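If you want the building blocks of each chain, they are given just below.
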Amino acid sequence: SLAKKRMTAKPQALALGIEIAVLAVIGGLPAGFPSLVIVPVISFLVAVRSCFFSHVEAWSYASTMPTGNLRQFGESVVQWFSAAGNLKAKRHTTVFALISLSFFLGALAGSMATDTMHNRAIWIGVLFLSAALVYGRFGRPVSISRESGE
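Residues numbered from 1 in each chain as written. Predicted model: local features only at pLDDT ≥ 70, side-chain atom pairs only at ≥ 80, totals over all residues. Heavy atoms only, no water.

(A) Structural view of the pattern of salt bridges. Across all of its chains, the model carries three salt bridges by this definition. Here Glu19 ties to Arg49 by a salt bridge, and the two come within 2.5 Å at their closest N and O atoms. Remark: Arg49 occurs in helix H2 (residues 35–52) and Glu19 occurs in helix H1 (residues 2–27); sequence separation between them is 30 residues. By relative accessible area, which is 3% here, Glu19 ends up buried. We classify Arg49 as buried; its relative accessible area is 19%. Its salt-bridge partner being Glu75, residue Arg71 comes within 3.2 Å of it at the nearest N-O pair. A residue pair is termed a helical-turn pair when its members lie 3 or 4 positions apart in one helix, as Arg71 and Glu75 do in helix H3 (residues 67–82) at four residues. Overall, Arg71 belongs to the partly exposed group, its relative accessible area being 47%. (Salt bridge = Lys/Arg side-chain N within 4 Å of Asp/Glu carboxyl O. Helix = DSSP H or I, 4+ residues; strand = E, 2+ residues; numbered from the N terminus. Buried < 20%, exposed > 50% of the residue type's maximum accessible area, 1.4 Å probe, protein only.)

(B) Examining the packing of H3 against helix H4 (residues 87–117) more closely. Interhelical geometry of H3 versus H4 gives an angle of 150° and a closest axis separation of 8 Å. Taken together, the axes of H3 and H4 are roughly antiparallel relative to one another. Handedness of the H3/H4 crossing: left-handed. The segment H3 lies against H4, with Asn69, Leu70, Gln72, Phe73, Ser76, Val77, Gln79 and Trp80 engaging Ala89, Lys90, His92, Thr93, Phe96, Ala97, Ile99, Ser100 and Phe103. (Axes fitted to C-alpha atoms, helices over the stretch in contact; angles between N-to-C directions. Parallel < 35°, antiparallel > 145°, perpendicular 65-115°, else oblique. Left-handed = near helix turned anticlockwise from the far one by under 90°. Contact = heavy atoms within 4.5 Å.)

(C) Quick look at the packing of aromatic side chains. Per the counting criterion, the structure on display carries two aromatic pairs. Measuring from ring centre to ring centre gives 6.3 Å for Trp59 and Phe96, while their planes differ by 70°; the resulting arrangement is edge-to-face. Of the two residues, Trp59 is situated in strand S2 (residues 59–60) and Phe96 in helix H4; the sequence distance between them amounts to 37 residues. The residues Trp59 and Phe96 share a single accessibility class, namely buried. With 5.2 Å between their ring centres and 20° between their planes, Trp80 and Phe81 make a pair best called stacked. Accessibility expressed as a relative area gives 27% for Trp80, which makes it partly exposed. (Phe/Tyr/Trp six-rings, centres within 6.5 Å; stacked < 30°, edge-to-face > 60°.)

(D) Highlighting H2. The terminal C-alpha atoms of H2 lie 26 Å apart, and with 18 residues this matches the ideal 26 Å at 1.5 Å per residue to within 8%. Inspection of H2 places Ile38, Leu45 and Arg49 among the buried residues, and these make up the whole buried set. Along the axis of H2, the buried positions cluster into a sector of 40°, meaning they face one direction only. Along H2, exposed side chains directed more than 90 degrees from the buried face belong to Leu36, Phe44 and Cys51. (Expected span 1.5 Å × (residues − 1). Arc of directions from axis to C-beta.)

(E) Structural view of the nonpolar core. Core analysis: the largest hydrophobic core is formed by 10 residues, namely Leu16, Ile20, Leu23, Ile26, Leu29, Ile38, Leu45, Phe53, Val126 and Leu129. Those elements giving two or more residues to this core turn out to be H1, H2 and helix H5 (122–139). Here the element with the most residues in this core is H1; it accounts for four residues. Once you skip the residues sitting within four places of it in the chain, Ile26 turns out to touch Ile38, Val41, Ile42, Asn119 and Ile122. In this structure, Val56, Val95, Phe96 and Ile99 belong to the second largest nonpolar core, which totals five residues. (Core = buried A, V, L, I, M, F, W, Y, C linked by side-chain atoms within 4.5 Å.)

These figures come from the coordinates and say nothing about function on their own.
As structure tokens, this is what we get:
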């Protein structure tokens, strides 16, 4: 039901909102702030995100690392070309190509921004996460969770 889907999306939005807020604060910390504090906090946030955001459409994916996504992309390309006209394989390929491209572009932007922005480079990620939060809450129907039956 729509009410159930909205209920399962609220914890996702809350987790993403907390991640955005914490990362925004981290970006404002002075350059000499100890990594001993920052790294575990970011690691925890990433772990929470991977729990809440584990599926895209009907497929499992990793929202925090590209390795499994690249494997799924490669497998779906083989399926698509071996079964010409298979629309599901074509969709799977497209989705995982976009996910893999997003990881690549994020890493590229992050590496370039870190040289000039230092700690504040994390704010670029905050912008993208904020856009995802707004889009997820207002731009499309909610249905990205295991609990929603997909």
